[in-house]
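Chain residues, written in single-letter form:
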Amino acid sequence: MSEPLRHLRVLHNNPFIFAPAFTNFFQYLGEKERGFLFVYLVLPMTLYSPSHEFLKKANKRSSIRTMLKDKGKLDRKRIYGLEERINRYREMTNTTIQYLQDAGNLAFGDQLTVSVAE
């Protein structure tokens, strides 16, 4: 890979850039049992255009069921390829979580609960 492309990749996929998104996610999620496992969905769902567009318009009544429907019809394009995207962003997610823990922004408890430092 050429040097400019490598630098662009580092700037685009940077744990310092993703850290606020993870912190906000855990603030709104709250301390839920096994809540940590949801973190692996944050980047794959927010960086993929079809699911990102849905999430921008989502409200507190939105769910995975409403995400799978488009104009009343079943439409799986918003979750298509989710497993591959989870695998692609796993290392970045782990790096970002490690950074947030080292910085003292997140704390992990029993039963995989996550709390955000105030």
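Fair warning: this is a prediction, and the values are worked out from it, not measured in the lab. (Residues numbered from 1 in each chain as written. Predicted model: local features only at pLDDT ≥ 70, side-chain atom pairs only at ≥ 80, totals over all residues. Heavy atoms only, no water.)

(A) Summary view of the overall build of the protein. In terms of regular secondary structure, the protein is built from six helices and four strands. Per-residue burial over the protein gives 30% buried out of 118 residues. Pairs at least 24 apart in sequence give 55% of the contacts found in the protein among residues at least 6 apart. Summing over all exposed atoms, the protein offers an accessible surface of approximately 8,700 Å²; the carbon and sulfur share of this is 54%. (Helix = DSSP H or I, 4+ residues; strand = E, 2+ residues; numbered from the N terminus. Buried < 20%, exposed > 50% of the residue type's maximum accessible area, 1.4 Å probe, protein only. Contact = heavy atoms within 4.5 Å. Areas by Shrake-Rupley, 256 points an atom, 1.4 Å probe, with all protein chains shown as cover.)

(B) Main features of the nonpolar core. Residues Phe-22, Phe-26, Phe-36, Val-39, Leu-43, Ile-97 and Leu-106 are the most contacted members of the largest nonpolar core, which totals 21 residues. Of all the secondary structure elements, the ones that give two or more residues to this core are helix H2 (15–29), helix H3 (42–46), helix H6 (82–102) and strand E4 (114–116). If near-sequence neighbours (up to four positions away) are discounted, Leu-43 is found in contact with Phe-18, Phe-22, Tyr-89, Met-92 and Thr-93. (Core = buried A, V, L, I, M, F, W, Y, C linked by side-chain atoms within 4.5 Å.)

(C) Geometry of H2. In this model, H2 (15 residues) spans 20 Å end to end at C-alpha, consistent with the 21 Å of a helix rising 1.5 Å per residue. What H2 keeps buried is the set Pro-15, Phe-18, Ala-19, Phe-22, Thr-23, Phe-26 and Leu-29. The arc that holds the buried residues of H2, viewed along the axis, is 150°, so those residues lie on one side. Every exposed residue of H2 that faces more than 90 degrees away from the buried side is listed here: Ile-17 and Tyr-28. Measuring from the backbone nitrogen of Phe-16 back to the side-chain oxygen at the start of H2 gives 2.9 Å, which picks out Asn-14 as the cap. Just beyond H2, the residue with positive phi is Gly-30, at close to 80°. (Expected span 1.5 Å × (residues − 1). Arc of directions from axis to C-beta. Polar contact = N/O pair within 3.5 Å; in protein donor to acceptor, adjacent residues only side chain to side chain.)

(D) The packing of aromatic side chains, seen in detail. In total, this model carries four aromatic pairs according to the counting rule given. Ring geometry for Phe-16 against Tyr-99: centres 4.8 Å apart, planes inclined by 85°, an arrangement best described as edge-to-face. Placement of the pair is Phe-16 in helix H2 and Tyr-99 in helix H6, with a sequence separation of 83 residues. Its relative accessible area of 54% is what places Phe-16 among the exposed residues. Using a relative accessible area of 31% as the deciding quantity, one classes Tyr-99 as partly exposed. When the ring centre of Tyr-48 is taken as origin, the NZ or CZ atom of Arg-85, which lies over that ring, is 3.8 Å away. (Phe/Tyr/Trp six-rings, centres within 6.5 Å; stacked < 30°, edge-to-face > 60°. Lys NZ or Arg CZ within 6 Å of the ring centre and 35° of its normal.)

(E) Spotlight on the packing of H2 against H6. Orientation of H2 relative to H6, taken along the N-to-C sense of each, is 75°, at an axis distance of 9 Å. Taken as axis vectors, H2 and H6 run roughly perpendicular relative to one another. Along its contact with H2, which presents Pro-15, Phe-16, Phe-18, Ala-19, Phe-22, Thr-23 and Phe-26, the element H6 presents Met-92, Thr-93, Thr-95, Thr-96, Ile-97, Tyr-99 and Leu-100. Residue classes in the contact of H2 with H6 are distributed as ten nonpolar, four polar and no charged. (Axes fitted to C-alpha atoms, helices over the stretch in contact; angles between N-to-C directions. Parallel < 35°, antiparallel > 145°, perpendicular 65-115°, else oblique. Nonpolar A, V, L, I, M, F, W, Y, C, P; charged D, E, K, R; others polar.)

Purely geometric numbers; function is a separate question.
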